[in-house]
Structures are given as C-alpha cells and as structure tokens.
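Chain by chain, the residues run as shown.
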Amino acid sequence: MAKVPFNSIFNVNRDGSVEPRQTIRIGGVTLGSGIKMTPGVSIAGIDIAAYKDRELEITTDDGTIVITGIY
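As the structure is a computational prediction, the values presented were derived from the model and not from experiment.

Undergrad: How would you sum up the side chain of Glu19? Please name residues and give values.
TA: Mapped onto the elements, Glu19 comes out in strand E3 (residues 18-20). For the buried residue Glu19, which engages in no salt bridge, the nearest side chain bearing the opposite charge is Lys36, 5.5 Å off. Of the polar contacts made by the side chain of Glu19, one reaches the side chain of Asn13; its length is 2.9 Å. Setting aside residues no more than four positions away along its own chain, Glu19 makes contact with Ile9, Phe10, Asn11, Asn13, Gly34, Ile35 and Lys36.

Encoded structure:
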C-alpha cells in the first residue's frame, strides 16, 4: 500500500468536481476515467470530491487503482 496525493489519482475541475485519471475502485465500485463526481455525490457512501486536499492510500489490482484509505 502507498499513500499518494489526491490529485495524482483525480483531476480537480474548476467547478469543484473530480474525475479519475484512470480506472479506480472505491468500496467495490469501479469507475473509469471521464466519470465526473460533483461535491455532494456519494460513490460507495463516500463523497470523494470532499477529500480533494487529502492523501489516499492505494493498492493496484490488474491496473485498477483501489482506494483503501483516506487521510
């Protein structure tokens, strides 16, 4: 497992939304690049846009980034 800055996994847009840079998995939900998540929208019970100033703990599984923690 590794800790990485949020913006190494997600693009942060001017409107506050975020988009994965590549395929990711959060809580069993897999999302591809180009999926836009706006603040207030939960994926697997997590409002990922609310954590844009944090670090993420990740692993990889067949090229998919698996987010295992938020710090």
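Undergrad: Describe in detail the nonpolar core, supporting the description with residues and values.
TA: Grouped together as the largest cluster of nonpolar side chains are 16 residues, with contacts concentrated most on Ile9, Phe10, Ile24 and Leu56. In this view, Leu56 contacts Ala2, Lys3, Val4, Phe6, Ile9, Phe10, Ile67, Gly69 and Ile70; residues no more than four positions away in its chain are not counted.

Undergrad: How would you explain the pattern of salt bridges if you had to name every residue and give the values?
TA: Two side chains of opposite charge can pair, provided their charged atoms sit close to one another. As enumerated under the stated definition, the model contains two salt bridges in all. Among the salt bridges present, the one from Lys36 reaches Asp15, with a minimum N-O distance of 3.0 Å. A residue pair is termed long-range when its members are at least 10 positions apart, and Lys36 in the loop between strand E5 (29-31) and strand E6 (55-61) and Asp15 in the loop between strand E2 (10-12) and E3 qualify at 21 residues. When its relative accessible area of 48% is taken as the criterion, Asp15 is described as partly exposed. Asp61 serves as the salt-bridge partner of Arg25, at 3.2 Å between the closest nitrogen and oxygen. Of this pair, Arg25 sits in strand E4 (residues 24-26) while Asp61 is found in strand E6, placing the two residues 36 residues apart along the sequence. By relative accessible area, which is 35% here, Asp61 ends up partly exposed.

So, how was this worked out
Residues numbered from 1 in each chain as written. Predicted model: local features only at pLDDT ≥ 70, side-chain atom pairs only at ≥ 80, totals over all residues. Heavy atoms only, no water. Helix = DSSP H or I, 4+ residues; strand = E, 2+ residues; numbered from the N terminus. Buried < 20%, exposed > 50% of the residue type's maximum accessible area, 1.4 Å probe, protein only. Lys, Arg positive; Asp, Glu negative; His and termini not counted. Salt bridge = Lys/Arg side-chain N within 4 Å of Asp/Glu carboxyl O. Polar contact = N/O pair within 3.5 Å; in protein donor to acceptor, adjacent residues only side chain to side chain. Contact = heavy atoms within 4.5 Å. Core = buried A, V, L, I, M, F, W, Y, C linked by side-chain atoms within 4.5 Å.

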